[in-house]
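One letter stands for each residue in the lines below.
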Amino acid sequence: MKLATAFLILAPAAGFAPGATYSRSSTSLQMSSTETKAFTKMPASVKPGVVTGKALVDLLDHAKKEGFAIPGVNVVGTNSINACMEAAKKYGGPIMVTFSKGGGQFIAGKAADNADDKASIAGCVAAAKHVHEVAALYGVPVVLHTDHCQKAWLPWMDGLIAANEEFYKEKGYPLFSSHMLDLSEEPLEENIAICKEYMEKFAKLDILLEFELGVTGGEEDGVDNSDVDSARLYTQPEEVFYAYEQLSQVPNAAFTCAASFGNVHGVYAPGNVELKPVILHNTQKYISEKLGNGDDKPMKFVFHGGSGSSVEDIRYAIEAGVIKMNIDTDTQWAFWDGVREYEAKNRDYLQGQIGNPDGADKPNKKYYDPRMMLRAGEEKMAERLCQAADDLKCVNVLN
Ligand SMILES: [Zn+2]
């Protein structure tokens, strides 16, 4: 059985320095004080569309303070991307659209040349640009994120960084809001040393780093952690503080930590996983005492492998500073379930181009148009995400 849990910890003290890289134009600084807020319940920096840099840190700080977490959803194309934004519009909250390396390759197309991760990079970049173009049309804040990147996959990350640099030169903000590095398979010192090296690169581009300590169990995107030593599934507070201290040394650093508290990728039969969100509470207490700055929740955590967790455990984790929960397995099922229902309902109209119960010469074009089945999947996925947002207390948090 794969267990694992990851929490993201965001270090406010190491947040993007206001005015450091955001004061590109004098008007942007003036706007923050005089401009009408886009969302009455959100910080003024948070606007409809892709949220990056200081606005992202403000959004996550706000979520921690108000006690809600944002759904972080794995996507594989415009259908799942748009379902995310449709859901966010419906539930009235922010959303994190997340690309995995495999998801990026799928978006580029399985027949595309993926030598040196070219297709994985191009697919993520293309889909991120899609989100930049359409996100504001949904009227919600959207965070663009990439998922687990293990050591062997760093060339993929390097390609994404190059794309961020190019985009940043033109626009003054990054293509992606945040990236995850998952070096949890490596020894702690090496994990954090590599994270720090990448934090330097990210900080220059106003990109937030999500790092992982401990191992998320289960299997996702071809990575199988089902037989990992159970001791590694529970992160130690000392490790989190070590990472916090190291990464805080990087100017303009902003980071969150996926710590393990028994979470697991995928859905398994009850009783196989023991989730211990108290680890997050204990970690906050430990770091707070170490920092001694009066902040009783200095970290922001991310919850990986939340599918199948009880609402009670999820809410208790949010109380410990969880500001995002990753969702993949449940939305995968939801999308399929929508397609399955559509086919079951219209089966007699889907057996040939011509001929159905209404007549042997009746055309079926309006039933087999791929948009019909894909839309059914989108609707179910969006519906499932509204439920997730409710679990995460992320409903009606904008206005
Ligand atoms: Zn994960």
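Structural data are supplied above this passage.
Sequence order as written defines the numbering, with residues in each chain counted from 1. Where totals are concerned, whole chains, interfaces and linings use all residues; where local detail is concerned, this predicted model gives features only for residues with pLDDT of at least 70, and gives and counts side-chain atom pairs only at 80 or more.

*Asks:* How do you make sense of helix α4 (residues 101-108) when you look at a structure like this?
*Replies:* Since the α-helix turns once every 3.6 residues, residues separated by three or four places project in the same direction. Counting buried residues in α4 gives 6 out of 8 residues, a clear majority hidden from the surface. Here a residue counts as buried when 20 or more other C-beta atoms sit within 10 Å of its C-beta, as exposed when there are 12 or fewer, and as partly exposed otherwise, the C-beta atoms being derived from the backbone. Counting from the N terminus, the helices are the DSSP runs of H or I reaching at least four residues and the strands are the DSSP runs of E reaching at least two. The set of residues buried in α4 consists of Lys101, Gly103, Gly104, Gln105, Ile107 and Ala108. For α4, the secondary structure elements touched by its buried residues are β2 (70-74), β3 (95-99), α5 (118-134) and α6 (154-171). Following α4 by one or two positions, glycine 109 adopts a phi angle in the positive range, close to 115°. Residues are treated as contacting if the C-beta atoms built from their backbones sit within 7 Å of each other.

*Asks:* Looking at this model, I keep getting lost on the pairing of strand β12 (residues 322-327). Mind explaining?
*Replies:* A regular strand places its side chains on the two faces of the sheet in alternate fashion. Here β12 lies mainly inside the structure; 6 of its 6 residues are buried. Across 4 bridges, β2 lies against β12 in parallel orientation. Its bridge partner lying in β12, proline 71 is registered against methionine 325. In this description, strands pair whenever DSSP reports at least two bridges between them. Of the pairings in the sheet, the one linking strand β11 (residues 301-303) to β12 comprises 3 bridges and is parallel in character. Directly across from phenylalanine 301, in β12, lies its bridge partner valine 322. Seen with its strands pointing away from the viewer, a crossover is right-handed if its path from the first strand over the helix to the second goes clockwise. Where the polypeptide runs from β11 across helix α10 (residues 311-319) and back to β12, its parallel neighbour, the crossover connection is right-handed.

*Asks:* Help me understand the nonpolar core in this model?
*Replies:* Soluble globular proteins: nonpolar side chains tend toward being buried together. Take the buried Ala, Val, Leu, Ile, Met, Phe, Trp, Tyr and Cys residues, join any whose C-beta atoms are within 7 Å, and the set you get is a nonpolar core. One finds Cys84, Ile95, Val142 and Val322 to be the most contacted residues of the largest nonpolar core, which totals 104 residues. Take this core: its biggest share by element is 8 residues, from α5.

*Asks:* Looking at this structure, how should I read the pairing of β3?
*Replies:* Counted residue by residue, β3 has 5 buried out of 5 residues, so it is predominantly covered. Here 3 bridges tie β2 to β3, and the two strands are oriented parallel to one another. Residue pairing in the sheet places valine 73 in a bridge with valine 97 of β3. Since β2 and β3 lie parallel, the crossover through helix α3 (residues 78-91) that links them has a hand, and here it is right-handed. With 5 bridges connecting them, β3 and strand β4 (residues 141-146) associate as parallel partners. Bridge assignment links phenylalanine 99 to a residue of β4, and that residue is threonine 146.

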